[in-house]
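Breakdown of the fold
Residues per chain are reported as follows:
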Amino acid sequence: MPKNQNTFSSLAALRGRVASRAVHAGWRWMQRAGAVTPEHPGRLRFGAIGEGTRLAFPQGTVFGERWIRLGGHCIIAEQVTLTAGMMPDLDLGADPVLVLGDGVVLGRGSHVIADARITIGNDTFCGPGVYITSTNHSYDDPHEPVGRQWPRSAPVEIGPGCWLGTGAVILPGAKLGRNVVVAAGAVVRGEVPDHSVVAGAPARIVRRWEPETGWQPPLRTPAPVPIPDGMTPEQLRGLALLAEAEQS
């Protein structure tokens, strides 16, 4: 290859690397600057936003913020939709419509659509793409398009300590107890008791914990070993490397 062509290729590659680094640096800056926190709410004026809560940038659709209350230390990932009311600029009264407790995590691309009241308890974690709604389409009239028929609404209550897997759907009227596990892709309606695991569409109970009998059916995996108090990340990495060495 001629020397001039070599030089041109090297310069083009260098410019490409510089441009890539600039784009990534710019995106990281936008993520930091565009995040919503109690100290930097931007245009969003929530009814409440607790200490340590953060909405990642870019946010999804957000409206009715006056009737949305977010607890402390919540993690709201990118492209999460939070809405109160059927459309923006409605007067929804004095009471909050969407309430997140402390430590709630909403995974990337999740939607929480609150026309009737939705409450999510403390320390409930949601994977990506979870859909929680207090309104559903009705289809009573067989001659009218479903999207033009007036929807039905019912409150949704999700207890503390729950885990909602990727793509789970929580329908109007659902009431989940404490520490409920919703499997990925499950569609939940009705009441789910404390310490249950539900799966399927429609979701049904596949495992449940009772004080007298423990988990039924019994768990197939051994209980995780608790991390000792005071263990540092470096020590944990060292133990992991030691375990890999013993297995090889």
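Residues numbered from 1 in each chain as written. Predicted model: local features only at pLDDT ≥ 70, side-chain atom pairs only at ≥ 80, totals over all residues. Heavy atoms only, no water.

The protein appears in an unreviewed UniProt entry as Acyltransferase from Streptomyces katrae. Recorded under Sequence similarities (unreviewed entry), the UniProt text for the protein is reproduced unchanged: "Belongs to the transferase hexapeptide repeat family." (UniProt positions renumbered as here; feature names shortened; annotations may be inferred.)

1. Digging into the sheet that holds strand β21 (residues 191-192)
Reading across the sheet, the 7 strands line up as β1-β4-β7-β10-β15-β18-β21 and stay open at both edges, with parallel pairing between neighbours. Two strands close off the open sheet at either side, each with one partner strand: β1 (48-49) and β21. Across 2 bridges, the pairing between strand β15 (residues 156-158) and strand β18 (residues 175-176) is parallel. Residue pairing across strands places Glu-157 opposite Lys-175, the latter belonging to β18. (Pairing = 2+ DSSP bridges. Helix = DSSP H or I, 4+ residues; strand = E, 2+ residues; numbered from the N terminus.)

2. Observations concerning the pairing of strand β6 (residues 81-84)
On β6, burial covers both faces: Thr-81 and Thr-83 on one face and Leu-82 and Ala-84 on the other are all buried. Direction of pairing for strand β3 (residues 62-63) relative to β6: parallel, over a ladder of 2 bridges. Each residue of the ladder has a partner; that of Phe-63, found in β6, is Thr-83. As paired elements, β6 and strand β9 (residues 111-114) share 4 bridges and run parallel to each other. (Buried < 20%, exposed > 50% of the residue type's maximum accessible area, 1.4 Å probe, protein only.)

3. Things to note about the pattern of salt bridges
Following the criterion strictly, the structure yields 3 salt bridges and no others. Between Arg-108 and Glu-78 there is a salt bridge, with its nearest N and O atoms 2.5 Å apart. In this pair, Arg-108 is assigned in the loop between β8 (105-106) and β9 and Glu-78 in the loop between β5 (75-76) and β6, connecting sequence segments 30 residues apart. For Arg-108, a relative accessible area of 49% translates into the label partly exposed. Where Glu-210 meets Arg-208, a salt bridge forms, and the shortest distance between an N and an O atom there is 3.4 Å. Glu-210 gets classed as partly exposed once you look at its relative accessible area, which sits at 31%. Residue classification places Arg-208 among the partly exposed residues on the basis of a relative accessible area of 33%. (Salt bridge = Lys/Arg side-chain N within 4 Å of Asp/Glu carboxyl O.)

4. Focus on unusual backbone geometry
The linkage connecting Ala-201 with the following residue, Pro-202, adopts the cis geometry, with an omega of 0°. Along the chain, Pro-202 turns up in the loop between β22 (196-199) and β23 (204-210). Residue Pro-217 follows Gln-216 across a cis peptide bond; omega there is -10°. Inspection of the secondary structure puts Pro-217 in the loop between β24 (214-216) and α2 (233-247).

5. Some details on the nonpolar core
Generally speaking, nonpolar side chains in soluble globular proteins are found buried as a group. Residues Ile-132, Leu-164 and Leu-176 are the most contacted members of the largest nonpolar core, which totals 39 residues. When residues of this core are traced back to their parent elements, those giving at least two are β4 (68-70), β6, β7 (98-100), β9, β10 (118-120) and β15. With residues up to four places along the chain from it excluded, the contact list for Ile-132 reads His-111, Val-112, Ile-113, Ile-118, Ile-120, Cys-126, Val-156, Ile-158, Leu-164 and Ile-170. (Core = buried A, V, L, I, M, F, W, Y, C linked by side-chain atoms within 4.5 Å. Contact = heavy atoms within 4.5 Å.)

6. Regarding the environment of Leu-70
Topologically, Leu-70 is positioned in strand β4. For Leu-70, a relative accessible area of 3% gives the class buried. For the pair Leu-70 and Arg-204, spaced 134 residues apart in sequence, the C-alpha separation works out to 30 Å. Apart from the residues within four sequence positions on either side, Leu-70 is in contact with Phe-46, Ala-48, Ile-49, Gly-50, Thr-53, Leu-55, Leu-82 and Leu-100.

7. Some remarks on the environment of Arg-66
Among the structural elements, Arg-66 can be located in the loop between β3 and β4. Overall, Arg-66 belongs to the exposed group, its relative accessible area being 57%. When the C-alpha atoms of Arg-66 and Ala-48 are compared, they prove to be 8.0 Å apart, with 18 residues separating the residues in sequence. Setting aside residues up to four positions removed in sequence, Arg-66 forms contacts with Arg-45 and Gly-47.

8. Some details on the pairing of β22
In terms of strand pairing, strand β19 (residues 181-182) meets β22 through 2 bridges, oriented parallel. From the neighbouring strand, Val-182 faces β22, where its bridge partner is Val-198. Between β22 and β23, which follow one another and run antiparallel, lie 4 residues, and Gly-200 among them has a positive phi close to 100°.

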